[in-house]
Amino acid sequence: MNMKPNQVVNRFETTLYGYKELVTDLLTDHGMKPAQFLGMALNTVKRDKNLLKVLDTNPKSIFGSILICAELGLSPTKEMGECWLIPYKGVCQFQIGYKGLVSLIYRHPNVTGVEAECVFENDEFNYSLGLSPVLEHRPNNEERGKLSYVYAIMRFTNREPLFKVMSLKELKEYQKLSKAGDKGLWFSSKDPQFWLPKKTVIKQLCKLIPKNLLINQALHTDNVIEGGGAVTLSEENEVVVVDAKDLHSVGGGYTNKAEKMLAERGVEIEGVLPSLFF
């Protein structure tokens, strides 16, 4: 049945607010108001004509992505830049943004600071590893030249700072692992501040810090989706992340809290998702 745009939005809103109780519980530890979160999710979708089209082709990917945002306590709006709901080939793909990753890192009890910087060929830059690591960077504020390195630093309450340096060659190797490859935003005029390379270096640095569930979940999901995977809902209304070959689902990550809440309430799929899009 063909629906007018306003009918699609109205039905999406009705379905979205069917999740209100679950979203409220998911946001409990994050200090975000459920009404505010649901309003942001609604506006994000209804303002994007391509996301509205996804409601016709793969609505589960939209609702799954929104639930992951709630689980992480991050805003789904473009304006905040914490998470992105990206329409891609008829599917909504969740992607954590640079700001979202940094926000999660700052929730780590031992982290006091995190930053990422670019090094250009005319800057003064020196680093060494080993027992007494060194990182020195003096930017050339006139003509900096081409990008050569990106580094990230993390500071802690209980240990010396950690840093990670990646060369342009290394970053381009990571770019190749992305589904978009050299056709994406990497090193393009649409990312003049190099946020994607900065995010990549921070993700690598996160592997060195003490384990944190939310950070690990965010990194794993982001990596799977960058490789061509997607978020969806199972037949039981459980959030799953599937890889590019449709062979992998996350059984111990984001889904645990949402699945447990649904199971404890004995909620059937019809109870949460009125038969509007499914």
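Residue positions are given per chain, counted from 1 along the sequence in the order it is written. The model is predicted, so local features are restricted to residues of pLDDT at least 70 and side-chain atom pairs to those at 80 or more, both for listing and for counting; the totals for chains, interfaces and linings are taken over all residues. The side-chain figures draw on all heavy atoms in the structure; neither hydrogens nor water molecules are used.

**Student:** Any chance you could explain the sheet that holds strand S7 (residues 162–167) here in plain terms?
**Tutor:** Sheet strands associate in pairs through backbone hydrogen bonding, adopting either a parallel or an antiparallel arrangement. Strand pairing is defined by DSSP finding a minimum of two bridges between the two strands. Secondary structure follows DSSP: runs of H or I at least 4 residues long count as helices, runs of E at least 2 residues long count as strands, and numbering of each begins at the N terminus. What the 3 strands build is an open sheet, ordered S3-S6-S7; its pairing is antiparallel. Each of the sheet's edge strands pairs with one partner strand only, and the pair in question is strand S3 (111–120) and S7. Averaged over all pairs of adjacent strands, the angle between strand axes in this sheet comes to 10°, irrespective of strand direction. For S3 and strand S6 (residues 147–156), the ladder comprises 9 bridges, and the chain directions are antiparallel. Paired with valine 119 across the two strands is tyrosine 149, which belongs to S6. Note on contacts: a residue pair is in contact if any heavy atoms of the two residues lie within 4.5 Å. Angular values range over 0 to 180 degrees, each being the angle between N-to-C directions of two axes fitted as lines to C-alpha atoms, with helices fitted over their stretch in contact. Here helix H6 (residues 98–106) sits on the sheet and contacts S3 and S6; the angle it forms with S3, its principal contact strand, is near 145°. Sitting on the sheet, helix H7 (residues 168–177) touches S6 and S7, and the angle it makes with S7 is about 80°.

**Student:** Please clarify how the pairing of S6 should be interpreted in this entry.
**Tutor:** On a regular strand, one side chain projects to one face of the sheet and the next to the other, so that they alternate. Whether a residue is buried, partly exposed or exposed follows from its accessible area with a 1.4 Å probe, protein chains only, as a fraction of its type maximum: under 20%, in between, or over 50%, in that order. Burial analysis of S6 places 8 of its 10 residues in the buried class, the great majority of the element. Taken together, the 6 bridges between S6 and S7 define a ladder with antiparallel strand orientation. Among the inter-strand pairings, methionine 154 is bridged to a residue of S7, identified as leucine 162. A loop of 5 residues connects S6 with S7, the two strands running antiparallel in sequence.

**Student:** Sorry, what's going on with the packing of H6 against helix H9 (residues 213–226) here?
**Tutor:** Pairs of packed helices are described in terms of their axes, by the angle between the two and the distance that separates them. Packing of H6 against H9 brings their axes to within 9 Å, and their N-to-C directions diverge by 160°. As judged from the angle between their axes, H6 and H9 are roughly antiparallel. You can see that H6 and H9 cross each other, and the crossing is left-handed. Contact with H6, carried on its side by Leu101, Leu104 and Ile105, involves Leu214, Ile215, Ala218 and Leu219 of H9 and no other residues of that element. Throughout this entry, Asp, Glu, Lys and Arg are counted as charged residues, while Ala, Val, Leu, Ile, Met, Phe, Trp, Tyr, Cys and Pro are counted as nonpolar. The remaining residues, Gly among them, count as polar. In the contact of H6 with H9, the residues fall into 7 nonpolar, no polar and no charged. The cut-offs work like this: below 35 degrees is roughly parallel, past 145 is roughly antiparallel, 65 to 115 is roughly perpendicular, and the gaps in between are oblique. In this scheme, a crossing is called left-handed if the near helix is turned counterclockwise away from the far one by less than a right angle; it is called right-handed if the turn is clockwise.

**Student:** Would you explain the packing of aromatic side chains in this entry?
**Tutor:** In this description, an aromatic ring pair is defined by two values, namely the gap between the centres and the angle between the planes. Each Phe, Tyr or Trp ring, with Trp reduced to its six-membered ring, pairs with another whose centre is within 6.5 Å; inter-plane angles below 30 degrees give stacked pairs, above 60 give edge-to-face pairs, and intermediate values give tilted ones. Per the counting criterion, the structure on display carries 8 aromatic pairs. With 6.1 Å between their ring centres and 55° between their planes, phenylalanine 120 and phenylalanine 194 make a pair best called tilted. Of this pair, phenylalanine 120 sits in strand S3 while phenylalanine 194 sits in the loop between H7 and helix H8 (195–206), placing them 74 residues apart in sequence. A single burial state applies to phenylalanine 120 and to phenylalanine 194, both of which are buried. In this structure an aromatic cluster arises from ring pairing among Phe125, Tyr127, Tyr149 and Tyr151. Seen from the ring of phenylalanine 156, arginine 159 lies directly overhead, with NZ or CZ sitting 5.4 Å from the centre. Sitting above the plane of the tryptophan 195 ring, lysine 198 keeps its charged end 4.4 Å from the centroid. Geometrically, a charge over a ring is one whose NZ (Lys) or CZ (Arg) sits within 6 Å of the ring centre while staying within 35 degrees of the ring normal.

**Student:** Any chance you could explain the nonpolar core here in plain terms?
**Tutor:** Within soluble globular proteins, side chains that are nonpolar generally end up buried alongside one another. Note on terminology: a nonpolar core comprises buried Ala, Val, Leu, Ile, Met, Phe, Trp, Tyr and Cys residues joined through side-chain atoms within 4.5 Å. Phe12, Phe37, Phe94, Ile105, Met154 and Ile202 are the most contacted members of the largest nonpolar core, which totals 69 residues. Of all the elements, helix H5 (residues 59–72) adds the most residues to this core, at 8 residues. Counting residues in hydrophobic clusters, the runner-up holds 5 residues, among them Tyr151, Ile153, Phe163 and Val165.

**Student:** It is not clear to me how the packing of helix H3 (residues 34–46) against H5 should be interpreted in this structure. Could you clarify?
**Tutor:** Put simply, H3 and H5 touch, their axes get as near as 11 Å, and they point 145° apart. Viewed along their axes, H3 and H5 form a crossing whose handedness is right-handed. Residues Phe37, Ala41 and Val45 of H3 form the contact with H5, whose participating residues are Ile62, Ile66, Cys69 and Ala70. Classifying every residue of the contact of H3 with H5 gives 7 nonpolar, no polar and no charged.

**Student:** How should H6 be read in this particular structure?
**Tutor:** The α-helix advances 3.6 residues per turn, and as a result positions three or four apart in sequence lie on the same side. Among the residues of H6, Tyr98, Gly100, Leu101, Val102, Leu104 and Ile105 are the ones counted as buried. Those residues of H6 that are buried are in contact with H5, strand S2 (91–96), S3, S6, H8 and H9.

**Student:** When you look at unusual backbone geometry in this model, what are you seeing that I'm missing?
**Tutor:** Residues other than glycine predominantly adopt negative phi, and peptide bonds predominantly adopt the trans conformation. Even without glycine at this site, lysine 89 takes up a positive phi of about 55°. You can see lysine 89 is positioned in the loop between strand S1 (83–88) and S2. The exposure class assigned to lysine 89 is exposed, which follows from its relative accessible area of 74%. With a phi close to 60°, phenylalanine 194 is a non-glycine residue in the positive phi region.

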